[in-house]
Amino acid sequence: MALIHLTVVTPEGKHFDADAQRVMVRTTGGDVAILPHHIDYAAALGAGEACVTEAGGKVRRAEVEGGILHVASDQVQVIANSFRWVEE
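Let me begin by describing the structure that accompanies this report. (Residues numbered from 1 in each chain as written. Predicted model: local features only at pLDDT ≥ 70, side-chain atom pairs only at ≥ 80, totals over all residues. Heavy atoms only, no water.)

What about the pattern of salt bridges?
Inspection of the entire model under this criterion finds six salt bridges. Taking the shortest distance from any N to any O, the salt bridge between glutamate 87 and arginine 60 comes out at 2.7 Å. Here glutamate 87, found in the segment after β6 (75-85), pairs with arginine 60, found in strand β5 (residues 59-72); they are 27 residues apart in sequence, far enough to count as distant. Overall, glutamate 87 belongs to the partly exposed group, its relative accessible area being 45%. Overall, arginine 60 belongs to the buried group, its relative accessible area being 12%. Put simply, glutamate 63 and arginine 84 hold a salt bridge, and the shortest N to O gap is 3.1 Å. One end of the pair, glutamate 63, is in strand β5; the other, arginine 84, is in strand β6, with 21 residues separating them in the sequence. Judged by its relative accessible area of 43%, glutamate 63 falls in the partly exposed class. Judged by relative accessible area, arginine 84 falls into the partly exposed class, the value being 40%. One network of salt bridges, in which partners are shared, links Glu54, Arg60 and Glu87. (Salt bridge = Lys/Arg side-chain N within 4 Å of Asp/Glu carboxyl O. Helix = DSSP H or I, 4+ residues; strand = E, 2+ residues; numbered from the N terminus. Buried < 20%, exposed > 50% of the residue type's maximum accessible area, 1.4 Å probe, protein only.)

See the structure below:
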């Protein structure tokens, strides 16, 4: 199974740094799903929910507010103003 590597950082530190099956975030233009082999992409993040499907299939949800999404060569970076896992 193809995976992407997701890194999520905020001014408070790193919140995620591992492989994932899928990442869905809200950009200022709407919701975007990132899957393996996605084209290179960059967008401003809006306020809303992020959904990460981890490599093992576990789905985690988070609240995100502002920042940048960057995708290149199956590397996904979410650089957010705030990021909080819903289950924590």
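That shown, we press on.
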